[in-house]
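Tertiary structure, described
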Amino acid sequence: MTEANSEKEPITFVDNRKIDPETGDVKQQAEDNGAAAAQAPQVDEGVETDNGDALADTISGELAERTADLQRLTAEYANYRRRVERDRKAAIDAAKASVVTELLGVLDDLDRARAHGDLESGPLKSVADKLSAALLKQGLEEFGSEGEPFDPTLHEAVQHEGSGHDPVIGIVMRKGYRFGDRVLRHALVGVTDGVADMTENAVQPTEEASDVDAGANEQ
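Okay, so let's go over this structure. (Residues numbered from 1 in each chain as written. Predicted model: local features only at pLDDT ≥ 70, side-chain atom pairs only at ≥ 80, totals over all residues. Heavy atoms only, no water.)

1. Quick notes on the nonpolar core
Judged by nonpolar contacts, the single largest core of 13 residues is most densely connected at Val100, Leu104, Leu107, Leu140 and Leu184. Sort the elements by how many residues they give to this core and helix H4 (residues 104-115) lands first, with 4 residues. Sequence-distant contacts of Val100, defined by excluding residues within four places in its chain, comprise Leu135, Leu140, Phe179 and Leu184. Grouped together as the second largest cluster of nonpolar side chains are 6 residues, Phe143, Leu154, Ile169 and Ala187 included. (Core = buried A, V, L, I, M, F, W, Y, C linked by side-chain atoms within 4.5 Å. Buried < 20%, exposed > 50% of the residue type's maximum accessible area, 1.4 Å probe, protein only. Helix = DSSP H or I, 4+ residues; strand = E, 2+ residues; numbered from the N terminus. Contact = heavy atoms within 4.5 Å.)

So, in structure tokens, the structure goes:
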């Protein structure tokens, strides 16, 4: 009975020694590694692929969001630079216009001197020419001369002759000046009828006189 049981049930031995008698290494570390490997969960390849796709989608979405933020900041900065440049130019033009306005009285004196023949020669003529050239180079423009169409936005009429159907400038009492799109001073002018109105007014009396002569001949 004992021999039969010994043949059916083999005897097993458990080696509890921590040191391998053959190599002399500590067996505990190997056993722990084996146990950890046995306890580690098995990762499904399909689940790993799904996680990778989800991570890629997340990264792509964040990248697109950051790109949109960068583009928006770039556009805002470009608008800011344009606005600063526009404000800077407006400030410079306003300063120039203020200085030029203070010199309009000097230009009026030079115009009067030129009208009296005082600027035909001499050092004053050279100074007047240089001043006018410098102001014109900065953007000053004069307007208001005889024969120009009358424009109430540019000219100030102090006297008027004729019917006023086609008003033009007949006499300039003071020139007008503008700096760029800004009118610094309106021209002070006298207004008269245009050439067309003057021609019509001259023709009408002639026709009336012809009618009177024809009636006298009939009598």
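Still more to cover.
2. Section: the pattern of salt bridges
Using the criterion set out here, one finds 10 salt bridges in the structure. Residue Arg66 pairs with Glu65 through a salt bridge whose shortest N-O separation is 3.8 Å. The partner of Asp111 in a salt bridge is Arg114, with the nearest N and O atoms 2.9 Å apart. Taken together, the residues Asp111 and Arg114, both in helix H4 and 3 residues apart, mark about one turn of the helix. Taking relative accessible area as the criterion, Asp111 reaches 22% and is therefore assigned partly exposed. Overall, Arg114 belongs to the partly exposed group, its relative accessible area being 39%. (Salt bridge = Lys/Arg side-chain N within 4 Å of Asp/Glu carboxyl O.)

3. Quick notes on the sheet that holds strand E5 (residues 182-185)
What the 3 strands build is an open sheet, ordered E1-E4-E5; its pairing is antiparallel. At either end of the open sheet lies a strand with only one pairing partner, and these are strand E1 (140-143) and E5. On average, adjacent strands in this sheet sit at an angle of 35° to one another, irrespective of strand direction. Where H4 meets the sheet, it contacts E1, strand E4 (176-179) and E5, and its direction lies at approximately 140° from that of E4. (Pairing = 2+ DSSP bridges. Axes fitted to C-alpha atoms, helices over the stretch in contact; angles between N-to-C directions.)

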